[in-house]
Amino acid sequence: MASCVSGCSSVMRFCQKLNRLKTLEDDVMATSLKRCLSTVDLALLGVGGMVGSGLYVLTGTVAKDTAGPAVVVSFIIAGVASLMAALCYAEFGARVPKTGSAYMFTYVSVGEIWAFLIGWNVILEYMIGGAAVARAWSGYLDSIFNHRIQNFTESHVMRWDVPFLTHYPDLLAASILLVASFFISFGVRVSSWLNHIFSAISMVVIAFILVFGFALADPVNWSAREGGFAPFGFSGIMAGTATCFYAFVGFDVIAASSEEASNPQKAIPAATAISLGLAATAYVLVSTVLTLMVPWHTLDPNSALSDAFFRRGYSWAGFIVAVGSICAMNTVLLSNLFSLPRIVYAMAEDGLFFSVFSRVNPVTKVPVIAILVFGSLMAFLALIFDLEALVQFLSIGTLLAYTFVAASIIVLRFQSDKSTGSSGGGGIKTDASSTPSLNQSGQQVDPSVAVNETQTFAQDSGEPKEYESFSDKLQLVERQKAVKERRAAGTLKACWEPYIGRILGDCEPGEVVAFSVLALMVSAVSLCAVLVFGNNQLNLPVWSFTLLLVIFSLVFLLSLALIWVHEQQPNHKTFQVPLVPFVPGFSILLNVFLMLKLSPLTWIRFAIWLAAGLLVYFGYGVWHSKEGLREKQGQEVAARYVVLPSGSLVETVQNVQPEGHTHNTHTPTLDNPPASR
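Since the structure is predicted, the reported quantities are computational estimates derived from the model, not experimental observations.

A. Summary view of unusual backbone geometry. Cis rather than trans, the peptide bond between V580 and P581 has omega equal to 15°. Along the chain, P581 turns up in the loop between α21 (542-564) and α22 (582-596). Phi at S101 takes a positive value of approximately 50°, unusual for a residue other than glycine. With respect to the element layout, S101 can be found in the loop between α4 (71-95) and α5 (102-109). Here S101 falls in the buried class, since its relative accessible area comes to 3%. For L579, which is not glycine, the phi dihedral falls at a positive 55°. Among the secondary structure elements, L579 is positioned in the loop between α21 and α22.

Below, the structure is given as structure tokens:
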């Protein structure tokens, strides 16, 4: 029996180790990187990450095959849906101005192993995404020269026919990745200025497309004669929305750059809103121009804009569009190469990945080793692999990261305060280590609690002064009363106490919220599974399909309601997502729905990659985690209290040292202890 209890306790300790949270330093602005990025720099990084080849290819593909001219509505809905995820990233980026994006946000609120898996998937997402963009860049440039580069490589270098590999080594794609990695290793300012140049050219080309395109617009192309505005109906609009949603993937580069922002508390939310607004405007206006210039059913999906100008008799405009497309792809490439090494750096800095990648060059203030190594790996992928089959893999990693960040916002907002950091991000563990002291009655008092009480009194009453009127004294009493009545985060709101207080009133702060978040995730997965697979794969009868939809919808809404009736953390220093938990909750629902729409082969590859990540974590990360080392250091001091016959309390503190070393003992004596001791 004893061995069974011991085994269970060991398992519990191991599970606690896997779910430990990251402790932030007291000064969250301290960093070994260089804080030099302004709001404009961050906004252009976000625009560069979102407005890429999708603007020149995706608009035509969705318009012709999925939504028709109603692709405009699809982009608007997709932009609003992306805004929900972007707001979650903006709040975290402002409250936790550390590099790592979704990995860091999950680490400070959910747990270590979940953070590692998110970071592991984001690494693959950026690697495949960068390699795919490089291949598209190479193919687009090759098509301008009538495929002479491909023909020369196949004739004079080599050609092969191997599954999952490209037919010839794409030397041009690999070269552009290596050159870009070389430039990015010179520092964040060089990367930012390169992005500025390419973004400026891209925006000038977009402005040209809009002005010249609206001059050539013909409203007849939206008329019933050409099939109408929404030839595929509402289902086509929603199917187009699911595809257009991926056009806005890339705003997370802003959050990933928060450790290099000059003023992240203001710059991250502002840059996120500006970049998403500019990207959505560009996609909506360009798709409007495109479908008004030529009939939607005659579009060329591979080069819709160039072909549209060519068919209207302005072939020279196609070269301008080609220049804009290449510059746009360069910005996406820089965005991937900029973000990937910083995710790796954050994981290595926490001890979860190989420590060599946490080294920062003292001159350029960037993780040069991580940039060059992963830039070379990305170039290798672009060189020999056929990435068309792996492109769908990008979606699942991104959507999973969005889901965890949205859930982390809910968890963090309703967490009880652990300590108060300098950033004002209540509920996040900060390294404010302190030693218990004794008050006048002999009881132990945590200095951090005393400091918080002192700060609250100072904020409410100011410095001691002599009150001249009764109203001054009354205002002070009211303020002190409000402070005392302020409920902790995660507890039931006072207005709901008479109705559900008997059911939920006895729960610990945050306990109901944690259970509700779990129920929210399970009900979202179940509801989306019924929607996606209910009619086709499962062949459910109408009555059971409807019943399951109603049940899971009610559970989902009830979970949101249970979270909402609890107190949130009072934090007014940084940006906050509005309407929590509803905005993150519906973001989770949308992300899960899109994940379940992916092919089974994508899920199989995802499972294999996760298994490889677990091998890395359990083989290296869990043993080198800095949070684990912090816990071990906290266990190096053992305290023992002894009550002597004289009534005095003796505290014996022994430093735990390896065998063969002497033990230093410090024995302070406290006279007249309280009876409770």
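Further notes follow.
B. Representation of the packing of aromatic side chains. Enumeration according to the criterion identifies 37 aromatic pairs in this entry. Seen from their ring centres, W114 and F404 are 6.2 Å apart, and the 25° between their planes marks the pair as stacked. Taken together, the residues W114 in helix α6 (residues 112-144) and F404 in helix α16 (residues 391-413) connect sequence positions 290 residues apart. A centroid spacing of 4.8 Å and a plane angle of 75° characterise the contact between F212 and Y314, whose relative ring orientation is edge-to-face. Of the two residues, F212 sits in helix α9 (residues 188-215) while Y314 sits in the loop between α13 (304-311) and α14 (316-349), which places them 102 residues apart along the sequence. By relative accessible area, which is 29% here, Y314 ends up partly exposed. Put simply, the rings of F116, W120, F353, F354, F357, F374, W609, Y617, F618 and Y620 touch in pairs and so form one group of aromatic residues.

C. Representation of the pattern of salt bridges within the structure. Under the defined criterion, the tally for this structure stands at eleven salt bridges. A salt bridge links K22 to D350, with the shortest nitrogen-to-oxygen separation between them at 2.6 Å. Residue K22 is located in the loop between α1 (2-18) and α2 (39-50), and its partner D350 is located in the loop between α14 and α15 (368-384); the two are separated by 328 residues in the primary sequence. When its relative accessible area of 6% is taken as the criterion, D350 is described as buried. Here the salt bridges do not stand alone but share partners, grouping E91, R95 and R413 into one network.

D. Region of the structure containing the environment of V332. Tracing the chain through its elements places V332 in helix α14. A residue is classified by how much of its surface remains accessible, and V332, at 11% relative accessible area, is buried. The sequence separation of V332 and S199 amounts to 133 residues, and the corresponding C-alpha distance is 9.8 Å. Contacts of V332, omitting those with residues within four sequence positions, involve G48, G49, V51, G52 and V133.

E. Structural view of the nonpolar core. Residues Y56, Y89, F248 and F353 are the most contacted members of the largest nonpolar core, which totals 149 residues. Other than its neighbours up to four places away in sequence, Y56 contacts S202, V205, I206, I209, A304, L305, V321, G324, S325 and A328.

F. The arrangement of the packing of α2 against α14 in detail. It is at 7 Å that the axes of α2 and α14 come closest, and there the two elements cross at 110°. The angle between α2 and α14 falls in the class roughly perpendicular. Judged by the sense of rotation from one axis to the other, the crossing of α2 with α14 is left-handed. Residue-level inspection shows L45, G48 and G49 of α2 in contact with α14, the latter providing A328, T331, V332, S335 and F338.

Calculation notes
Residues numbered from 1 in each chain as written. Predicted model: local features only at pLDDT ≥ 70, side-chain atom pairs only at ≥ 80, totals over all residues. Heavy atoms only, no water. Helix = DSSP H or I, 4+ residues; strand = E, 2+ residues; numbered from the N terminus. Buried < 20%, exposed > 50% of the residue type's maximum accessible area, 1.4 Å probe, protein only. Phe/Tyr/Trp six-rings, centres within 6.5 Å; stacked < 30°, edge-to-face > 60°. Salt bridge = Lys/Arg side-chain N within 4 Å of Asp/Glu carboxyl O. Contact = heavy atoms within 4.5 Å. Core = buried A, V, L, I, M, F, W, Y, C linked by side-chain atoms within 4.5 Å. Axes fitted to C-alpha atoms, helices over the stretch in contact; angles between N-to-C directions. Parallel < 35°, antiparallel > 145°, perpendicular 65-115°, else oblique. Left-handed = near helix turned anticlockwise from the far one by under 90°.

Read these as spatial facts, not as claims about activity.
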